[in-house]
Amino acid sequence: MPATDPYTVRLTPEVHAYVQPDGGWCLNNAGFVSDGETTLLVDTTATERRARALREALLATGAPLPRTVVNTHHHGDHTYGNGVFLPEAVVVGHESCRSEVLAAGRQLHLIWPQTDFGDIRITAPTLTYSDRLTVHVGDVEVRLLHPGTVAHTAGDTIVHLPRQGIVFTGDLIFQGGTPFVPMGSLSGSLRALGVLRSLGAETVVPGHGPITDPSAYDATERYLRFVAELAEAGHAKGLSPLETARGADLGVFAGLRESERLVANLHRAYAELDGLPEGSPLDPTVVFADMAAMNGGVPVACHA
């Protein structure tokens, strides 16, 4: 039977990944680096309950509570739990991540008002960087890199441990799930894959889904190029993103979770074909309504 409860994977003596199956809506991954005296946590979770479970799982490995929490981007499933780790920890992120967290506010509450998120205090990074930042956890070098482009969001952070050959990608990679770029850029997401490849990491911890390897970059690229081709054809015919999505043959991508995200990705691709700047805001009401239409008329569900 596949695991349904969150689980911790020891990648090296100092590095653990925290995986929340099955990686669907609001079920993200996290991770932590610790030398037994100092701990750095990569991302939190979507609810107070899940953030406290992450906290207990971290402590169960013998690691002390984190002094540093790194957010790979601003979405609530990766940041809502930040407050559980205060005041001991400093929250770190890209400068755009900070502004996006503050602008988004209680974004998940708006999308999923029936979900019990618990006591959530919106907590933006208080330490920010623009291009790259290196944090040392004992002897472990942790490199934080912005991909240099709007990708999943404007404020993505790649967490690279060069000596350990590990990378935490945030939502630049969804392993087993459909990539999601409406709040960022399709073309920028393709460029970000080149940055990930250049790091040469052998172990890839995606933002959602099981731990994987660099083959995930190729799989993501194939899907994004499929979306780009669909968009070009549909846009040229004057079809709406929803019409294009409904007429698409998913083929090899049919097995990916959250297939309804195709129409959201097409909205972003259409915006870029219209010449709008990468990351230009889309109307979330329209995007989520179209995803519901692709989901059999049922709004997408938060699984947290």
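As the structure is a computational prediction, the values presented were derived from the model and not from experiment. (Residues numbered from 1 in each chain as written. Predicted model: local features only at pLDDT ≥ 70, side-chain atom pairs only at ≥ 80, totals over all residues. Heavy atoms only, no water.)

Trainee: I tried to follow the nonpolar core on my own but got confused; where do I start?
Mentor: Here is a general trend for soluble globular proteins: nonpolar side chains tend to be buried in one another's company. Membership of the largest hydrophobic core comes to 50 residues, with the highest contact counts inside it found for W112, V167, L196, F226, V227, L262 and M291. Secondary structure elements with two or more residues in this core: β11 (166-174), α5 (186-199), α6 (215-237), α7 (241-246), α8 (261-273) and α9 (284-294). No other element matches the eight residues that α6 contributes to this core. With sequence-adjacent residues up to four places away left out, F226 is seen in contact with D249, L250, F253 and L262. A17, V92, Y129 and F168 belong to the second largest nonpolar core, which has 18 residues in total. (Core = buried A, V, L, I, M, F, W, Y, C linked by side-chain atoms within 4.5 Å. Buried < 20%, exposed > 50% of the residue type's maximum accessible area, 1.4 Å probe, protein only. Helix = DSSP H or I, 4+ residues; strand = E, 2+ residues; numbered from the N terminus. Contact = heavy atoms within 4.5 Å.)

Trainee: Is there a simple way to think about the packing of α6 against α8 in this case?
Mentor: To describe two helices that pack against each other, one gives the angle between their axes and the distance between the axes. At a minimum axis separation of 9 Å, α6 and α8 run at an interaxial angle of 65 degrees. Remark: the crossing between α6 and α8 carries right-handed chirality. Facing Y223, F226, V227, L230, A231, E232, G234 and H235 of α6, the residues of α8 in contact are R261, L262, N265, L266, A269, Y270 and L273. Partitioning the contact of α6 with α8 into residue classes produces 10 nonpolar, three polar and two charged. (Axes fitted to C-alpha atoms, helices over the stretch in contact; angles between N-to-C directions. Left-handed = near helix turned anticlockwise from the far one by under 90°. Nonpolar A, V, L, I, M, F, W, Y, C, P; charged D, E, K, R; others polar.)

Trainee: When you look at the sheet that holds strand β12 (residues 203-208) in this model, what are you seeing that I'm missing?
Mentor: Whether parallel or antiparallel, the strands of a sheet pair through hydrogen bonds between backbone atoms. Read from one edge to the other, the open sheet built from five strands follows the order β8-β9-β10-β11-β12, with strand pairing classed as mixed. The open sheet has two free edges, formed respectively by β8 (132-137) and β12, since each of these has just one partner strand. Within this sheet the neighbouring strands show an average axis-to-axis angle of 25 degrees, counted without direction. The sheet contacts of α5 involve β9 (140-145), β10 (158-161) and β11, and relative to β11 the element is tilted by about 160 degrees. Along the sheet, α6 contacts β11 and β12; its crossing angle with β11, the most-contacted strand, is approximately 15 degrees. (Pairing = 2+ DSSP bridges.)

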